[in-house]
Amino acid sequence: MKVVVAGQGYVGLPLAVRAAEVGHRVVGYDVNTERARRLAAGESYVEDVASSRLRAVLDTGAYSATADADALADFDIAVITVPTPLRGGVPDLTYIESCARTLGGRLQPGATVVLESTTYPGTTEELLLPILEKASGLKGGSDFLAGFSPERIAPGNKRFSFEGTPKLVSGIDAASLDVIKGFYDSIFQTTVPVSGPKVAEMAKLIENVFRFVNISLVNELATLAKPLGVNVWEAIDAAATKPFGFTRFTPGPGVGGHCLPVDPLFLSWKVRQELGVPFRFVELAADVNRHMPDYVVQRLAEAFQERGMPVSGSRILLLGLTYKINATDLRESPSARVAELLISLGAVVRGADPNIPAGDRAELTLPMVDATAEEIAASDAVVLLMDHARFDLAMIEKNAPYVLDCRNRLSGPNVETL
Ligand SMILES: NC(=O)c1ccc[n+]([C@@H]2O[C@H](COP(=O)([O-])OP(=O)(O)OC[C@H]3O[C@@H](n4cnc5c(N)ncnc54)[C@H](O)[C@@H]3O)[C@@H](O)[C@H]2O)c1
């Protein structure tokens, strides 16, 4: 089966490589010519796909990477994994639209198109399908098949494998579901069919809204527990001993990444657009989340005040700038806002993150240093934003004059937790 995976990023590349490994003939298509070139040269830029795996499927010919749309002709199944960002709070579906036009122009009768990009309910049937139909001159359902299957990839998560995580599948009709389920059955251990694309689209957003709201809830709790004289971390751990009806989430400096702070707003946008009402939980969670960097800075300012030091002119080291533990990804990370606020107060701010590749550090506006004992000891305050495994926590505890620990990993007289 000739499979096209359009979009070779965090979602598309792992899918394309896995599909090639299980025996499909896969074309990894990306409009970014530099990405396509690197992939064709066997160089992976996605942490969950080792370059050795990529080279193995390139060598057998099962996988090829291209930016040339002509290489997509005669596909049996095409999967769309292009970005779906928000612009000014409004979903930007232009990447899906343009990809749909490209695929539609090469759509053969009997072929299948699946959307995986995260989006609001209705996108597959109301946006994707009409574009495919117009570009191909074919009719969805009778001439070609289509559906939605949300991605649940968790970059860097070693506990849940790509193929071991159950995959939701849907189709615009029974025949579409049948083919789409069959395709994903060849790749994933478990597929879960649902009645249609809208349910699958909504399910993905429910998953992300659930996490977003719950993380924002414990973040707000953290800001309230301290003035109440309660250790929120201990209280959450205590609550988590309940074996049912509770899921443990822990506070932090804010929710980052390209999914959690973004996807729930797709749903609140759609709700407002169609129903004219706010999705209050999501809007509240977004507001709490947005203000967590302010709270981190407020706590630091209080700590400086207690020690009779001004924030202005003080040397502050931010440890762990990525939005996620052990990841290399800086997108939407709250660390940028923490740095910006501290700089606006006149602090001399530096960052340290061993996970960010040296080549990418040049793109950061913050001066970067290594988290050495000397650097830590020379800082007036250290903020542990992300507790990457590569940090030597005992060394940080030993050398830092003061630490604001946003992850509850350190202890000692010089440590305060968020
Ligand atoms: N990264 C995750 O953890 C994750 C998890 C679940 C869902 N998602 C969703 O999956 C989708 C893709 O996310 P990602 O993280 O892989 O994005 P990404 O930015 O890493 O990759 C997307 C790729 O698509 C390419 N592209 C853009 N327009 C294209 C077009 N018309 N044709 C072909 N390629 C095109 C881009 O050049 C880029 O390489 C988004 O909707 C995202 O919300 C992401």
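As shown above, the structure is provided for reference.
Definitions and limits used
Residues numbered from 1 in each chain as written. Predicted model: local features only at pLDDT ≥ 70, side-chain atom pairs only at ≥ 80, totals over all residues. Heavy atoms only, no water. Helix = DSSP H or I, 4+ residues; strand = E, 2+ residues; numbered from the N terminus. Rg over C-alpha atoms; globule rule 2.2 N^0.38 Å. Buried < 20%, exposed > 50% of the residue type's maximum accessible area, 1.4 Å probe, protein only. Disulfide = S-S within 2.5 Å.

Enquirer: Even after reading the chapter, I still don't get the overall build of the protein chain, so can you show me in this structure?
Expert: Along the backbone of the protein chain there are 14 helices and 15 strands. In summary, the protein chain has a C-alpha radius of gyration of 24 Å against a globular reference of 22 Å for 418 residues, a match within 12%. With the C-alpha coordinates aligned to their principal axes, the bounding extent of the protein chain is approximately 75 × 50 × 40 Å. For the protein chain, the residues scored as buried account for 50% of the 418 residues in total.

Enquirer: Could you clarify how one ought to interpret the state of the cysteines in this entry?
Expert: Disulfide: a covalent bond connecting the sulfur atoms of a pair of cysteines. Following the criterion strictly, the structure yields zero disulfides and no others. Left without a disulfide partner, Cys259 is nearest to the cysteine sulfur of Cys99, which lies 18 Å away. In this structure Cys259 comes out as partly exposed when scored by relative accessible area, which is 26%.

Enquirer: Could you clarify how one ought to interpret unusual backbone geometry in this entry?
Expert: Peptide bonds are mostly trans, and most non-glycine residues show a negative phi. A positive phi angle is found at Asn326, which is not glycine, with a value near 60 degrees. Among the secondary structure elements, Asn326 is positioned in the loop between β11 (315-319) and α11 (334-344). Positive phi values are uncommon outside glycine, yet Glu332 reaches one of about 60 degrees. Mapping Glu332 onto the fold places it in the loop between β11 and α11.

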